[in-house]
Amino acid sequence: MRQWVITAGSTSLNDLRLDETAMPQPGPGEVLVRVRACSLNYRDQIIPLGFYMGGVVQHDTVPLSDSAGEVAAIGEGVATLNVGDRVAGIFFQDWMDGPPNPAMGVALGAPPAPGMLQDYVVLPEHGVVRLAQSLDFVQASCLPCAGVTAWNALMEGPRPVRSGDRVLVLGTGGVSLLALQIAKAAGATVIATSSSDEKLERAKALGADHVINYNTTPEWGAEAARLSGGGVDKVVEVGGAGTLKQSIAAVGFAGEIALIGVLTREGDTNPHGLMFKGASIRGIFVGSKGMAERLNAFVDEHGIKPVVDRTFEMESARDAYAYQSSAGLFGKVAITL
């Protein structure tokens, strides 16, 4: 079978290689998944560069956490899955539900966990979730990391988004567009930002009620607060340190900033602006199996279709990486196997 590998010591996307290897077999309590599609996240860009948590990979590693496929074989004792079931791996293999905890287990696509950019992969029975019935494999491959992250940011925690709330999403990457779609389905008013007027028009077509070009409106946090009538209830903060100051300006009284991003590493992170509004920051690191299941049910109920910008063949995975990091990206990039 085929598998892409991040070579040990990799510091460049050129260190990705396509190998042929023997097909694995499931042991007791495990399933063999035939991978049909994968999708890329920002995390997948920085692991081969050696910038992810843990630094440069020390062992050959199959990349990517997000995929969708079907059960090809089951090991002894597997009781909840059958051959032919459509499934995806969960990001943290041992986080079943509840709040983050020290026993969440390994995260797919980074050492020492398996990665999904291969024809077949073995996962524990508890480490997979059935796909949303309304999605094809490519669409479903967009949800395990990006979709669950957006769901966690909006619908989990102390105050899930409800009808009439105001939500701010930053940019038009995979997490932000999925958050836009989830928030709209929940009945929220959504404000979206981008540096591209063309992308903002596309965001409006997806349901964004207000849009802000952050190049022409540098104080976009204050503008989001104005558009929302005093401040938003949720900010889906994918930017990190470089955008946090503006997100604090945007959030309203008793609102929440769902802190996800590390896209920018430098900026003003002074939290005092939260104090005056009784607002808070909640850290988001993907989510649990229970969150994935609730997301899939919501997707089926509301007919949400993840935005897939471009799809690449398995052999062209490097081209998928290149496009995913380009300025033209709108939504998700997928690889079919």
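Notes on the structure in this doc start here. (Residues numbered from 1 in each chain as written. Predicted model: local features only at pLDDT ≥ 70, side-chain atom pairs only at ≥ 80, totals over all residues. Heavy atoms only, no water.)

**A few points about the overall build of the protein**
To be explicit about the condition: Only DSSP runs of H or I with at least four residues qualify as helices, and only runs of E with at least two residues qualify as strands; both kinds are numbered from the N terminus onward. Under the scheme applied here, a residue whose accessible area is under 20% of the maximum for its type counts as buried, over 50% as exposed, and between as partly exposed, the area being computed with a 1.4 Å probe on protein chains only. The contact definition used throughout considers only heavy atoms, calling two residues in contact when any of these lie within 4.5 Å. Where accessible areas are quoted, they stem from the Shrake-Rupley method and a 1.4 Å probe; at the residue level, only the protein chains shown are allowed to cover.
A tally of helices and strands in the protein yields ten helices and 15 strands. A burial count over the protein gives 56% of its 337 residues as buried. In the protein, the proportion of contacts linking residues at least 24 apart, taken out of those at least 6 apart, comes to 69%. Put simply, the protein shows about 13,500 Å² of open surface, and 54% of that area lies on carbon and sulfur atoms.

**Here's the deal with the environment of A113**
Relative to the elements of secondary structure, A113 occurs in the loop between β5 (86-89) and β6 (120-124). For A113, a relative accessible area of 7% corresponds to the buried category. Each C-alpha atom of the pair A113 and Q93 lies 8.8 Å from the other, and the pair is 20 residues apart in sequence. Setting aside its immediate chain neighbours within four residues, A113 contacts V106, A107 and L108.

**As for the layout of surface pockets**
Let me state the cut-off plainly: Residues are called lining when one of their atoms sits within 4 Å of a cavity or pocket point, these points coming from a 1 Å grid over the protein atoms alone, where a cavity is a set in which a 1.4 Å probe fits but cannot get out and a pocket is an open set with protein on both sides within 12 Å along at least five of seven lines. Grid points are joined across faces, edges and corners, and a volume is the space filled by probe spheres set on the points. Residue classes follow a fixed rule: Ala, Val, Leu, Ile, Met, Phe, Trp, Tyr, Cys and Pro count as nonpolar, while Asp, Glu, Lys and Arg count as charged, and any other residue, Gly among them, counts as polar.
The calculated volume of the second largest pocket comes to roughly 250 Å³. Taken together, 17 residues form the lining of the second largest pocket, with Y52, M53, G54, A110 and P111 sitting closest to its centre. Class assignment of the residues belonging to the lining of the second largest pocket gives a composition of twelve nonpolar, four polar and one charged.

**Describing the side chain of Q181**
With respect to the secondary-structure elements, Q181 resides in helix α4 (residues 174-185). Those residues within four positions of Q181 in sequence are excluded, and the remaining contacts are L206, I304, K305, P306 and V307.

**Some words on the packing of aromatic side chains**
Note the threshold: Here the aromatic set is Phe, Tyr and Trp, taking the six-membered ring for Trp, and pairing holds for ring centres within 6.5 Å; pairs whose planes are under 30 degrees apart are stacked, those over 60 apart are edge-to-face, and all others are tilted. Two conditions define a charge sitting above a ring: the NZ of Lys or the CZ of Arg must be within 6 Å of the ring centre, and it must be within 35 degrees of the ring normal.
Evaluated as defined, the whole model comprises six aromatic pairs. A ring pair is formed by F92 and W95, whose centres lie 5.9 Å apart and whose planes are at 55°; its orientation type is tilted. An identical accessibility class is assigned to F92 and W95; each is buried. Ring pairs connect the aromatic residues F91, F92, W95 and F285, which therefore count as one cluster. Lying across the ring of F137, R86 places its NZ or CZ 5.3 Å from the centre. Between R310 and the ring centre of Y323, over which it is positioned, the NZ or CZ distance is 5.0 Å.

**Remarks on the nonpolar core**
Across soluble globular proteins, nonpolar side chains have a tendency to be buried as a group. Where we set the bar: Buried residues of nine kinds, namely Ala, Val, Leu, Ile, Met, Phe, Trp, Tyr and Cys, make up a nonpolar core once their side-chain atoms join them within 4.5 Å.
Of all hydrophobic cores here, the largest spans 63 residues; its most connected members are L154, V167, L168, V169, L180, I182 and V236. Among the elements that make up this core, the one with the highest residue count is helix α3 (residues 143-155) (eight residues). Apart from the residues lying within four places of it in its own chain, the contact partners of L154 are R159, P160, V161, V167, A179, I182, A183, K234 and V236. Judged by nonpolar contacts, the second largest core, of 36 residues, contains Y52, L64, L81 and M116.

**Considering the sheet that holds strand β12 (residues 251-259)**
Remark on secondary structure: sheet strands pair via backbone hydrogen bonds, oriented parallel or antiparallel. Going by this rule: Pairing between two strands is assigned when DSSP locates at least 2 bridges connecting them. Orientation is described by axes fitted as lines to C-alpha atoms, over the contacting stretch for helices, and by angles from 0 to 180 degrees between their N-to-C directions.
Spatially, the six strands line up as an open sheet ordered β10-β9-β8-β11-β12-β13, and their pairing is parallel. This sheet does not close on itself; its edge strands, each paired only once, are β10 (210-213) and β13 (280-283). Each neighbouring strand pair of the sheet contributes to a mean axis angle of 20°, computed without reference to strand direction. In this sheet, β10 lies alongside strand β9 (residues 189-194) in parallel orientation, the contact comprising four bridges. Residue pairing across strands places A192 opposite V211, the latter belonging to β10. Contacts between α4 and the sheet are confined to β8 (166-170), β9 and β11 (232-237), with β8 contributing the most and set at about 165° to the helix.

**Side note on α4**
This is how the line gets drawn: By this rule the span expected of a helix is its residue count minus one, scaled by 1.5 Å.
Under the 1.5 Å per step criterion, the end-to-end length of α4 is 17 Å for twelve residues, consistent within 8% with the ideal 16 Å. With respect to burial, α4 is a largely interior element, ten of its twelve residues being buried. Considered for burial, the residues of α4 that qualify are G174, V175, S176, L177, L178, A179, L180, Q181, I182 and A183. Just past α4, the residue G187 takes up positive phi, approximately 95°.

**Some points on unusual backbone geometry**
Put simply, P111 and P112 share a cis peptide bond, and its omega is 5°. The topology assignment puts P112 in the loop between β5 and β6. Even without a glycine there, the phi angle at A254 is positive, about 65°. Relative to the helices and strands, A254 is located in strand β12.

**With respect to the pairing of strand β1 (residues 2-6)**
Counting buried residues in β1 gives five out of five residues, a clear majority hidden from the surface. A two-sided burial pattern is seen for β1, the buried positions comprising R2, W4 and I6 on one face and Q3 and V5 on the other. Alignment of β1 against strand β2 (residues 16-20), held across five bridges, turns out to be antiparallel. Among the inter-strand pairings, R2 is bridged to a residue of β2, identified as E20.

**Some words on empty space enclosed by the protein**
Leftover empty space is mapped by rolling, across the atoms, a probe with the size of a water molecule. A complete count under the given rule lists one cavity of 30 Å³ or more for this structure. Approximately 110 Å³ is the volume found for the largest cavity. Lining the largest cavity are 17 residues, and of these A88, V129, L143, P144 and A292 lie nearest its centre. Counting residues per element, the ones that place at least two in the lining of the largest cavity are β5, β7 (128-130), α3 and α9 (289-302). Of the residues belonging to the lining of the largest cavity, the class tally is twelve nonpolar, four polar and one charged.

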